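Listed below, chain by chain, are the residues.
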Protein chains: 2
Amino acid sequence: MHRVVIVGAGFGGLAAARALRDAPVHVDLIDANNYHLFQPLLYQVATAGLDGDDVAYAVRGIFRRQRNVTVHLGRVAAADLDARTVTVERAGAAPSTLAYDSLVVAAGAVSTTYGVPGVAEHAIALKDLDDAVALRRAVLERFERAAVDHGMLARRSLDVVVCGGGPTGVETAGAMMELFTKVLAKDFRDLDVASVQVTVVEAAPRLLGMFGPASSERARRTLERRGVVVRLGVGVDRVSADGHGDHRVELTDGTSLPAGVVVWAAGVRASPLAQALGVELGRGGRIVVGDDLSVPGHPEVFAVGDVAASRTAGEDAPLPQVAQPAIQGGRHAARQIVRRLKGRGSEPFSYHDKGSMATIGRHDAVAEFPRRWLGVQRLSGFVGWLAWLGLHIVYLIGFRNRANVLVNWAWNYLTFDRASRILPSGGPSDVD
Amino acid sequence: MHRVVIVGAGFGGLAAARALRDAPVHVDLIDANNYHLFQPLLYQVATAGLDGDDVAYAVRGIFRRQRNVTVHLGRVAAADLDARTVTVERAGAAPSTLAYDSLVVAAGAVSTTYGVPGVAEHAIALKDLDDAVALRRAVLERFERAAVDHGMLARRSLDVVVCGGGPTGVETAGAMMELFTKVLAKDFRDLDVASVQVTVVEAAPRLLGMFGPASSERARRTLERRGVVVRLGVGVDRVSADGHGDHRVELTDGTSLPAGVVVWAAGVRASPLAQALGVELGRGGRIVVGDDLSVPGHPEVFAVGDVAASRTAGEDAPLPQVAQPAIQGGRHAARQIVRRLKGRGSEPFSYHDKGSMATIGRHDAVAEFPRRWLGVQRLSGFVGWLAWLGLHIVYLIGFRNRANVLVNWAWNYLTFDRASRILPSGGPSDVD
């Protein structure tokens, strides 16, 4: 039996494994977590709108009925492309080796500090479930402390600085502001929550660089109307601690911002596995791939999604590191594996752009489509938000989480309440 | 303004605070967690049937519209009943003091080892949310390890021993067996999950001692039919580690049971705060209270729920440490505070027994009522389970969690899937 190893159960790896459903292959699907994470909604977990379990789905559950998949919980730190093996590290066990005939590298991306001092020590990234829970906890704990120490407000110790004005930064800032003004202002009646500041810092001259200028402007105006301070054209020089558990974000224009919590949403780079493979890497450490998404010199190795600098054959710009290129890339890699088994040559990858979307808080979003669709190419405001909502619900189909997500959203929407703002103490209780 | 301090936001504290809604008092409600925990469903979190957030609700959210309540996140370790102050310890701050005119101690109970060696080190209690998450994680991680190390099955390293055959033990064992046979057997197709053993050990001669013998027998037969081993009339002498991360539960009859995971559901004792008060304590460290639930010599101090040895005036046996006595006790204490403000004397507490219920896994439960109700005094099987389900949904009314709980239950019921079996890695990701 032809053995396919897929590294990563994100959008790319999941799509590849599912597309191999009826193929005469055995699939080993390896991920460091036992769940698939719906990353586009991670900011909702960080801002207490959704539970962690709403955006995570057990990988074994997804493949329960797909008999040709074996799920492995472990981290792939290295692969030997000549020997055609990957090394899997598992907690509490010696590393083991898996052999493959075809390999799909879908290991995703990690946050990168770009070498900015203090980010690793003092900022919270927003890349995985633990990040989101840590961010939520950091914010809520600060409010609880401020309830007894009102001086924290004056020290600007509740302020949040979001570094990065891409979709993650914009969505996080918008949702955070909403959490403050609509929820925490009612929870903490004695605190002047309206004086708490949320700032987005973006080095480029506009927000949402992947969108058109009109959408960028719309996002800026909407965020500002809701009270978010938007600082454009200025980068982050350093994040430092002030010795009282608070932080200072020093900017490239010589100014600085006080902050209790610093969110780092300024960029990602390819998973460190890319480097470990010993293949050619492009910008951001992404694996350079050929037209068919295979690694040059290794037609049996495919790289898809955030870890790869994939592009539509014949085009120059690598595709953005979002879900759609990963899903389509994963399916493409699976199709090539099947074609090769049948003795056919591989096909070039062609990305079908379905558009981009970002929310800017409650009932506002921007959406852009590559061509006119029902007569429009750009949506914003409430209609954009409905489109965003519909799309995400459609994507979550097949995952049971959808029903819970809907319940949570409907509840939040109708009541301005957030259900998920509990703070587990962080360890099991003592038995006395 | 008359100041009421309530220690604990469990069933008793919550009921007292709510009952003071329209009273001319200010309430300080203090809890070590920022959420109220619906403990009767905690075993569902431990067995991956519900998310943690489904059984926890932000205390500040509950009292958002009740203006006379101030919520405090902190631990009350001591009180000075003569000075009428409590000391609140908060993370990252110096302890502070709150003065009261009336005090309601509703601090609940903690697990107790009864001095059995090894329990504190090797067993997992099931008393708070972190316990439940830790238990779920311990079981799921073991299955993941067994997926690559099949020898663990032969070493009985997946076996679960539940110490204690009360409602928590019976419910946990039943739900754990169901998780194994209906869910994990499908997730881990290569493992002979049917050979994994779940055992309940109970020192008394029957399960569910607070129920009648017929219900006890019914619970035993149902558990055994589902594959749970029930060991009655035998206690736990010691829990030891075998050096390979596995455990051994040594019993009073000289036999022992191998186990990967040991659950300690054998008993609780009153919160350590009871002892710190310097008042008379009864069995299990519970505060001795008078007929009106006040502490003798301190008519302004009430103790309700698990922390108190409350009883219906004129009766001998203290009430069981479950939700109903706490709720009714909290309301009674609130009513006495209001009466005293009006210059009236206090009333004796009279407990209205609404019956007891315990589930034994999928669509089976036992329920008993103090008197015939619609012609019956005892329910079991599917009808008992429906009664249990209805009652718990009614209790969750007012909490938004109800909708999610229903969605989760319906999903689990229809699909034999469990949505909540994700294993977060335990810390935020590195920023690379």
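Scope of this entry: the structure provided in the associated data block. (Residues numbered from 1 in each chain as written. Chains lettered and ligands numbered in written order. Predicted model: local features only at pLDDT ≥ 70, side-chain atom pairs only at ≥ 80, totals over all residues. Heavy atoms only, no water.)

## What to know about the overall build of chain A
Moving on, step 1. Broken down by element type, chain A carries 12 helices and 24 strands.
Moving on, step 2. Classification of the 432 residues of chain A by burial places 57% in the buried group.
Moving on, step 3. At a minimum sequence separation of 6, the contacts of chain A that also span at least 24 residues come to 63%. (Helix = DSSP H or I, 4+ residues; strand = E, 2+ residues; numbered from the N terminus. Buried < 20%, exposed > 50% of the residue type's maximum accessible area, 1.4 Å probe, protein only. Contact = heavy atoms within 4.5 Å.)

## Some remarks on the sheet that holds strand E17 (residues 256-259) of chain A
All names here are of chain A.
Moving on, step 1. In spatial order, the strands read E15-E16-E17; together these three strands make up an open sheet with antiparallel pairing. Pairing within the sheet leaves two strands with one partner each, and these edge strands are strand E15 (236-241) and E17. Across the sheet, the axes of successive neighbouring strands diverge by a mean angle of 20 degrees, strand direction being ignored.
Moving on, step 2. As paired elements, E15 and strand E16 (residues 247-251) share five bridges and run antiparallel to each other. Opposite serine 240, over in E16, you have arginine 248 as the bridge partner. (Pairing = 2+ DSSP bridges. Axes fitted to C-alpha atoms, helices over the stretch in contact; angles between N-to-C directions.)

## Remarks on helix H7 (residues 167-187) of chain B
All names here are of chain B.
Moving on, step 1. With 21 residues, H7 ought to run about 30 Å at 1.5 Å a step, and its terminal C-alpha atoms sit 28 Å apart, in line with that.
Moving on, step 2. The largest bend in H7 is about 35 degrees, located at phenylalanine 180.
Moving on, step 3. Of all 21 residues making up H7, 15 are buried, and the element is well covered by its neighbours. (Expected span 1.5 Å × (residues − 1). Bend = angle between axes of the 7 residues up to and from the residue.)

## Section: the sheet that holds strand E13 (residues 198-202) of chain A
Sheet strands line up and pair through hydrogen bonds in the backbone, either parallel or antiparallel.
All names here are of chain A.
Moving on, step 1. With parallel pairing, the five strands of this open sheet are ordered in space as E11-E18-E12-E13-E14. The open sheet has two edge strands, strand E11 (123-125) and strand E14 (229-232), and neither has a second partner. Averaged over all adjacent pairs, the angle separating strand axes in this sheet is 20 degrees, with direction ignored.
Moving on, step 2. Inspection of the sheet shows strand E12 (residues 160-163) paired to strand E18 (residues 261-264) by four bridges, in the parallel sense. Counterpart to valine 162 in the pairing with E18 is valine 263.

## Looking at the packing of aromatic side chains
Residues and elements named next belong to chain A.
Moving on, step 1. In total, this model carries six aromatic pairs over all chains according to the counting rule given.
Moving on, step 2. Judged by centre distance (5.1 Å) and plane angle (50 degrees), the ring pair of phenylalanine 143 and phenylalanine 180 falls under tilted. Of the two residues, phenylalanine 143 is situated in helix H5 (residues 129-148) and phenylalanine 180 in helix H7 (residues 167-187); the sequence distance between them amounts to 37 residues.
Moving on, step 3. Using a relative accessible area of 1% as the deciding quantity, one classes phenylalanine 143 as buried.
Moving on, step 4. Owing to a relative accessible area of 1%, phenylalanine 180 belongs among the buried residues under this scheme.
Moving on, step 5. Between phenylalanine 143 and phenylalanine 188, the ring centres sit 5.6 Å apart and the planes meet at 50 degrees, which makes this aromatic pair tilted. Highlighted residues: phenylalanine 143 in helix H5 and phenylalanine 188 in the loop between H7 and E13, separated in sequence by 45 residues. Like phenylalanine 143, the residue phenylalanine 188 is buried in the burial classification. (Phe/Tyr/Trp six-rings, centres within 6.5 Å; stacked < 30°, edge-to-face > 60°.)

## Looking at the environment of serine 102 of chain B
Residue and element names in this part refer to chain B.
Moving on, step 1. Structurally, serine 102 is set in strand E9 (residues 102-105).
Moving on, step 2. Residue class for serine 102 comes out buried when judged on its relative accessible area of 5%.
Moving on, step 3. Those residues within four positions of serine 102 in sequence are excluded, and the remaining contacts are His2, Arg3, Val4, Val5, Glu300 and Ile337.

Interpretation in functional terms is not warranted from these geometric data alone.
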